[in-house]
Amino acid sequence: MKPLASDRAFLILLAAVLAVVLLLVISIATPFGLSAYLANVIGQLAAFAVLALSLDLIWGYLGILSLGHGLFFGIGGYVVAMHLLKHSHEVTGKVPDFMQFMGWAEFPFYWTGFGFFPYALLVTAVVTLLISGVFGYVSFRSRVGGVYFAITTQALVYVAMLLMFRNDTGFGGNNGMTGFTVVFGWPIGGSRVVIAMAAVSVLMLGLTLLGCRMLLAGRFGVLMIAARDDEVRLRTLGYETLRLKLVVWCLSALIAALAGMLYVPQVGIINPRLLAPELSLEIAVWVAIGGRGHLVGAVIGAVLVNAVKFWLSVAAPELWPFILSGLIVLVVLVFPNGLVDLAKLKLVRPTGLKHMASGTPELR
Amino acid sequence: MAIQRCSQARSIQSLWLTGDWFGRLSARKGRQRSVHMMRRVFIAAILFVAVWAPSLLVAAEAGRADLMGKLCGDAASLGDVGRALVGIAADGSQDERAWATPVARAVIDRKLTCDTKGAVVISGEGSFDALTREQRVAVEGGRSPFLNLKNRALFETAVAALALRTAPDPTQRGAALRTLERQAAGLPEHLFEAAAEQESDAGLRAQMTAVAQAAALNSADPAKRIGALKRISATPDRRALTQVRALVADPAYAGDPEFKRAVDAAIATIERGITAGDVLAALYNGLSFASILFMAAIGLAVIFGLMGVINLAQGEMIMIGAYVTWMVQEGLRRLAPALLDWYLIIAIPAAFLVTAAVGIALEAILLRHLYRRPLMSLLATWAVSLFLINLVRVTFGTQNLNFVTPFYVAGGVPVIGDFIFTWNRMFAIAFAVLTLGITWGLMRLTPLGLNIRAVTQNRTMAGCIGIPVRRVDTMAFGLGSGLAGLAGLALAPIYSVNPQMGQNFIIDSFMVVVLGGVGTIVGTVVAALGIGQINVLIEPMWGAVAAKVIVLMMIIAFLQWRPEGLFAIKGRRK
Amino acid sequence: MSTFSRRSFLQATGVAAAGLASPIGMPAIVRSAHAASGTVKLGCLFSSSGTMANIEGRLNHVVRMAADEINAKGGVNGRTIEVAVSDPASDWPLYAQVGKQMLEQDKVAALFGCWTSVSRKSVLPVVEQANGLLFYPLHFEGDENSKNIVYVNSPPASSVLPAVDYLMGEEGVSAKRFFMLGSDYVWPRTINKQLKGYWKSKGIPETAWREEYVPLGFSNFQTLVNQIRAFADKGGGKPIVVLTVVGSSIPDFLREFANQGIKATDVPVLGLDMVEADLEGLNTEPLVGHLNCWAYLQNAKSAANATFLKQWAEYVKAKNVPFKGDVVIDPMVSAYNSVHLWAMAAAKANSFDVLEVRKAFAGLSFDCPSGYKLGMTAENNYVSRGVFIGSVNEKQGFDILWQSKDAPKPVPFSPYG
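Analysis parameters
- Residues numbered from 1 in each chain as written.
- Chains lettered and ligands numbered in written order.
- Predicted model: local features only at pLDDT ≥ 70, side-chain atom pairs only at ≥ 80, totals over all residues.
- Heavy atoms only, no water.
- Helix = DSSP H or I, 4+ residues; strand = E, 2+ residues; numbered from the N terminus.
- Rg over C-alpha atoms; globule rule 2.2 N^0.38 Å.
- Buried < 20%, exposed > 50% of the residue type's maximum accessible area, 1.4 Å probe, protein only.
- Lys, Arg positive; Asp, Glu negative; His and termini not counted.
- Charge placed at Lys NZ, Arg CZ, Asp CG, Glu CD.
- Domains from an automatic or database assignment.
- Contact = heavy atoms within 4.5 Å.
- Axes fitted to C-alpha atoms, helices over the stretch in contact; angles between N-to-C directions.
- Left-handed = near helix turned anticlockwise from the far one by under 90°.
- Nonpolar A, V, L, I, M, F, W, Y, C, P; charged D, E, K, R; others polar.
- Phe/Tyr/Trp six-rings, centres within 6.5 Å; stacked < 30°, edge-to-face > 60°.
- Lys NZ or Arg CZ within 6 Å of the ring centre and 35° of its normal.
- Pairing = 2+ DSSP bridges.
- Buried area = accessible area lost by both parts, 1.4 Å probe.
- Salt bridge = Lys/Arg side-chain N within 4 Å of Asp/Glu carboxyl O.
- Polar contact = N/O pair within 3.5 Å; in protein donor to acceptor, adjacent residues only side chain to side chain.
- Expected span 1.5 Å × (residues − 1).
- Arc of directions from axis to C-beta.
- Core = buried A, V, L, I, M, F, W, Y, C linked by side-chain atoms within 4.5 Å.
- Disulfide = S-S within 2.5 Å.

### Some thoughts on the overall build of chain A
Along its length, chain A carries 14 helices and four strands. Relative to the compact-globule value of 21 Å for 364 residues, chain A shows a C-alpha radius of gyration of 21 Å, a close match. With 364 residues in all, chain A has 60% of them scored as buried. Of the side chains in chain A, 23 bear a positive and 15 a negative charge, and the two mean positions are spaced by 10 Å.

Structure (structure tokens):
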């Protein structure tokens, strides 16, 4: 199909990402470059960008809106937190807080083995695939779509949040889990480690971008867009949409879990707030603002919105909700394709097939 | 004081006359001399008593002064006073009771001030000295005695006991009896008997005798005990069960077969009553939760059914309704304080119209442009919800609003077993039924309702036959929002009202709508009832969170199997 | 094909990288231009939105009021205090985020913040790593002793146990059975754990208590109050409710309790997180007699309290603060104390460096509005406070039922589990 080099915006973004990685590597090795604080923020933004990409994959290109991607984000986050706590415990011998106030003398049985990172990685993949697979299969087979699917995913993430809020569940409850001291043997607070983690995040962002691009550039991408535009027609043509949707859904879930694994070590705490329905809604907002149906849009939307949020929570905390709501209404009414609409005439040519540029038909 | 002397004199005079009559009576037996002697003896006795009586009075007054002193003492002495007051209610003279009643009342109401000269009671007739009954004002620096929990209980009992004997109004006496009933075993038995003796109202007298019987549970007479058992099992609750169960350890249980039979029968009756109460309580709680869910969801059902718009701002409409109710209350407080208790009723049209107006504005400005794009409208309504929450927060502040609890939603009525019928939830249930009635009436009997149903079933066709679809959209959105406003009004007496309150209802109301079947009122009702009841049944077993989780998982599973919900309008499944 | 060139590549990369970094970097630059020399910054971590907003929001204003008071007397070490307020929005990770930003970007000399133990535990690693100082104004569960946190309010030994002891004693209600109802997070769980250990040490059997947890923000207490009534009616001794729910759950619970006709003389409730602000929306007549336990109550009789109440009322009017000027709660007073304690320590150490300030804590003493003299020792960062047991009155306030003779020495780690 089209050679990669033809899409200017995508390449610019990729280049920017690589540049940031380079900058961060320089910051580790030399005294010049970014401070640990800035690097940390960039790393978190990168994790959010990966999360936005995962939603964009199924929403922008497949037309399925999930308002519960926070669930998979949370799965990745919790598993990596379990690993970090177990690892810290093995290295320093300190018992995690939540066990202390629950009065447990040792870790619950389902915590065994998490000190070993590949095992944690495996568990993430398995649990994510299991949940997304079962849920996706049952929903897509019943032809649940559109608004119903969105609300059901909201309910799902809400249930997960309620479960995780309970201290009896054994994952720190409302307190969450904090007190990570060691990551892969290095102290988690050290500025070099912080910058290195940020570099890893941004690198993963770049890799995810490339991966998604490659997926979309091929036949798969064409099928996805066809399914988004008119699924009935595609089925009439003889394609099995269930398998297509399921595969992309599971892939999207895995990417979201990856984002969670990148986010939690950098922020130093995980807690069920991550599973709040509002946060999952916000992911959709990032993608909508940036421009769904464009990988670049998703990344820019996530980075922009979160950067403004970070800035405003300290500078003008009262203003943030108003700005966010105003932005959403603006995007929804005036720029239905997000910021991409703004730049339509300038640098950016939309990815994928040409006819996408003119108003993508919305789902009914 | 003078009055007492006067009455004393009168009583001595009457005694004298009685003595005279007595003498004359015995004169009939014919001996003048013995009459004279008897009269003398009688008068001597009277004089003896007349000398002794003032000292009794003085002693009584000294007792009262002593009580006053203790009243202004520390916690232990206050306890003594409390117990003494109960004693006065049971054994004291009418005078003493008349004196004690306002004092006890004043201590509870914090209208008694202890100062250097004694104690002052402030009542409706002004302030007067507690001991001498003279009018005087409290000296500067006085303080009210503070009741700790133990003493408070004693004084509350004393107030009730005194009211039982002295209150002029039978309803007050009845209320006092109900208060005392619960602690009957700890009170002097003859309190109830004495009260029953002087009681004029027949019904009350019967009740008092019954309570006296119930208090006799531990008396020596086995017949009385069995009577007490029967009486106690007539009002079954867990407290009674504990009392009766304790008797199993009593020696009479093993010894007296009749007593054993009575105790067993009582236990069985009480347990039955408790079970009945528990079942009723579960049903009532379920019904009340369901009514709340229904009211939150009905507006959403109308909007979603009609336009396919998921209105994430529905919770905020509920919140606005509650805030409008509060503003009506504040308005009434300033302009017409006499009507303050009726603010809930007066606010009904206000809540409906204001939220309907907000809904219509929302639809006209925002959603109109998005009606073919349900997912975008979802995001847009979420933005509006965020905006509304923060607007209200900035305008009114984050604190919970202060609502007056009108008499018709305060307290509760014990029915059977441990089941208490609380009025505020009854109000919510009644309101939900009213809302259901109005909505159903609207949908079935008005042209607007007909249009709404038509557009819900087939939008394009309805447009083709000339129904003004856009206008129906706007009106329906207004209706849906107005219903949410009414929900906010009904919830004000039950939940805390703050800018965040709407968030608690969103997920639940969506589940009700989607489960019930989009666009049908029946579906919403059934779904609300089902969810409410199941939730309430699971809650005592595994806790509130587990109940919510289980219910949500059940709904999600159900929707995967049957996505159109319980009562769906037939249509093509895409 | 593409008009892609190396130049445009470099240009675009530079722009993109700058664009990514600017929203973060720019405000810092802007801010540092503003921050005049001659000021010292203090940071606040109290939410003004979310579930905690109603109670935490007031504390921002109190810190500002205390700062104004100190500035009026010439500031600290010749510098005026500037208070930076934030809004972590009741979102625990955001407390950590904002705290980090304040410490590392804005270089605040000290942080004043957190109400729930969750938020404090989120900020703990941040202050420890950045070597900052957090003044924590709430009574809490103890079992913690970080050198970067100043615990301005009481651990359970001086906030929970005196009240429970009172209720279990002759003067109280001789309580023998306990229904523990709490929000599901670390503070209630720890408190209940310690209480169970305490009761076990007194020989009270396990059947005498019951534990139930509800999620934060829970409001539908119908079934739970039914359960409390059933528990109370079972007999075996006087029952009490140990209430560790927080936030808006408190008034919701009390309302349901009153509606079902239960009075404090039947089943008293010891509301460990209950403050005057929680009674604001309630009709407290049927609730008279329920208890709480804090290091300060509004009805405390002392000259310092009268001054403080007047000061707060005037401040509310002057600055149009969106909270009631006639309601003052313990955490407000604790926040006020914190600012003064910090100022005194900084003045004593003649420096704003955290290590120096910490060394200066030893031997500090301050007249708290509660009427007690606060003290700090070199042993730890705990502040000794007086103890009040309050009883709900008809006017939505608390009467002083009992108060300690002096400020007992705080015990960081509970011996009861």
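### With respect to the domain arrangement of chain B
What the domain assignment lists for chain B is domain 1 (31-166) and domain 2 (280-561). Using only C-alpha atoms to locate each centre, domain 1 of chain B and domain 2 of chain B end up separated by 57 Å.

### Comments concerning the side chain of S377 of chain B
Relative to the assigned elements, S377 of chain B resides in helix α15 (residues 374-396). Those residues within four positions of S377 of chain B in sequence are excluded, and the remaining contacts are V309, I310, L367 and L370 of chain B.

### Re the packing of helix α2 (residues 53-72) of chain C against helix α11 (residues 330-349) of chain C
All names here are of chain C. Direction vectors running N to C along α2 and α11 enclose 35°, while the axes themselves pass 9 Å from each other. Of the two elements, α2 crosses α11, and the hand of that crossing is right-handed. For the pair α2 and α11, contact is made by R58, L59, V62, V63, M65, A66, A67, E69 and I70 and by P331, M332, A335, Y336, V339, H340 and A343, respectively. In the contact of α2 with α11, the residues fall into 13 nonpolar, one polar and two charged.

### Regarding the packing of aromatic side chains
One pass over the structure, following the stated rule, counts 47 aromatic pairs over all chains. Their ring planes at 20° and their centres at 5.2 Å tell us that W342 of chain B and Y408 of chain B sit as a pair that is stacked. With W342 of chain B in the loop between α13 (314-335) and α14 (343-365) and Y408 of chain B in the loop between α15 and β4 (412-414), this pair connects stretches of sequence that are 66 residues apart. The partly exposed category is assigned to W342 of chain B, whose relative accessible area is 38%. Taking 5.4 Å as the distance between ring centres and 85° as the angle between the ring planes, the aromatic pair formed by F221 of chain C and F253 of chain C counts as edge-to-face. Residue F221 of chain C is found in the loop between β7 (209-214) and α8 (222-233), and its partner F253 of chain C is found in helix α9 (residues 249-259); the two are separated by 32 residues along the sequence. The pair formed by F221 of chain C and F253 of chain C is uniform in burial state, with each residue classed as buried. The cationic tip of R189 of chain C hangs over the ring face of Y213 of chain C; the distance from NZ or CZ to the ring centre is 3.9 Å.

### Some words on unusual backbone geometry
Negative phi is the rule for most residues except glycine; trans is the rule for most peptide bonds. Of note in this structure, N131 of chain C is not a glycine but carries a positive phi near 50°. Relative to the elements of secondary structure, N131 of chain C occurs in the loop between α4 (117-130) and β4 (134-136).

### Comments concerning the sheet that holds strand β5 (residues 149-151) of chain C
Residue and element names in this part refer to chain C. Strand order in the open sheet formed by five strands is β2-β1-β3-β4-β5, with parallel pairing between adjacent strands. Only two strands of the sheet have a single partner each, and these edge strands are β2 (80-85) and β5. This sheet shows a mean twist of 25° between the axes of neighbouring strands, independent of strand direction. As paired strands, strand β1 (residues 39-45) and strand β3 (residues 110-113) are joined by four bridges and run parallel to one another. Bridge assignment links C44 to a residue of β3, and that residue is F112.

### Thoughts on the interface of chain C and chain A
If you look at the interface, chain C gives 41 residues, while chain A gives 42 residues. Contact between chain C and chain A buries roughly 3800 Å² in total, counting both sides, with carbon and sulfur atoms accounting for 63%. Where chain C meets chain A, there are zero salt bridges. Taken together, the links from chain C to chain A amount to two residue pairs in polar contact (both at pLDDT 80 or more). Counting only elements with at least two residues in the side of chain C that touches chain A, the list comes to α1 (6-34), α3 (92-104), α4 and α7 (186-201) of chain C. In terms of residues, the side of chain C that touches chain A owes the most to one element, α1 of chain C, which gives nine residues.

### A word on the sheet that holds strand β11 (residues 365-367) of chain C
Either a parallel or an antiparallel arrangement is found when strands of a sheet pair, and the pairing is made through backbone hydrogen bonds. Residues and elements named next belong to chain C. Read from one edge of the open sheet, three strands run β11-β12-β13, paired in antiparallel fashion. With one partner strand each, in any of the chains shown, β11 and β13 (383-384) form the two edges of the open sheet. Its contacts with the sheet put α11 on β11, β12 (373-376) and β13, and the angle it makes with β11 is roughly 140°.

### Here we look at helix α10 (residues 303-319) of chain C
All names here are of chain C. Relative to the 24 Å expected for 17 residues at 1.5 Å per residue, α10 spans 24 Å between its end C-alpha atoms, a close match to the ideal helical length. Of the positions making up α10, those classed as buried are N305, F308, W312, Y315 and V316. One side of α10 carries all its buried residues, which in axial view fall inside an arc of 100°. Looking at α10, the residues exposed on the side facing more than 90 degrees away from the buried face are A303, K310, K317 and A318. Looking at the packing, one finds that the buried side of α10 touches α2 and α11.

### Concerning the nonpolar core
Grouped together as the largest cluster of nonpolar side chains are 382 residues, with contacts concentrated most on W59 and M177 of chain A, L379 of chain B together with L181, W199, F253 and W342 of chain C. Examining the composition of this core, we find that 18 residues originate from one element, helix α2 (residues 36-59) of chain A, more than from any other. Not counting residues up to four positions away in its chain, the partners in contact with F253 of chain C are L181, F221, V225, I228, V241, L243 and V269 of chain C. With 47 residues, the next largest nonpolar core counts A106, V107, A160 and A167 of chain B among its residues.

### Focus on the state of the cysteines
All chains considered together, the criterion is met by one disulfide over all chains. Left unpaired, C212 of chain A is separated from the closest cysteine sulfur, that of C250 of chain A, by 15 Å.

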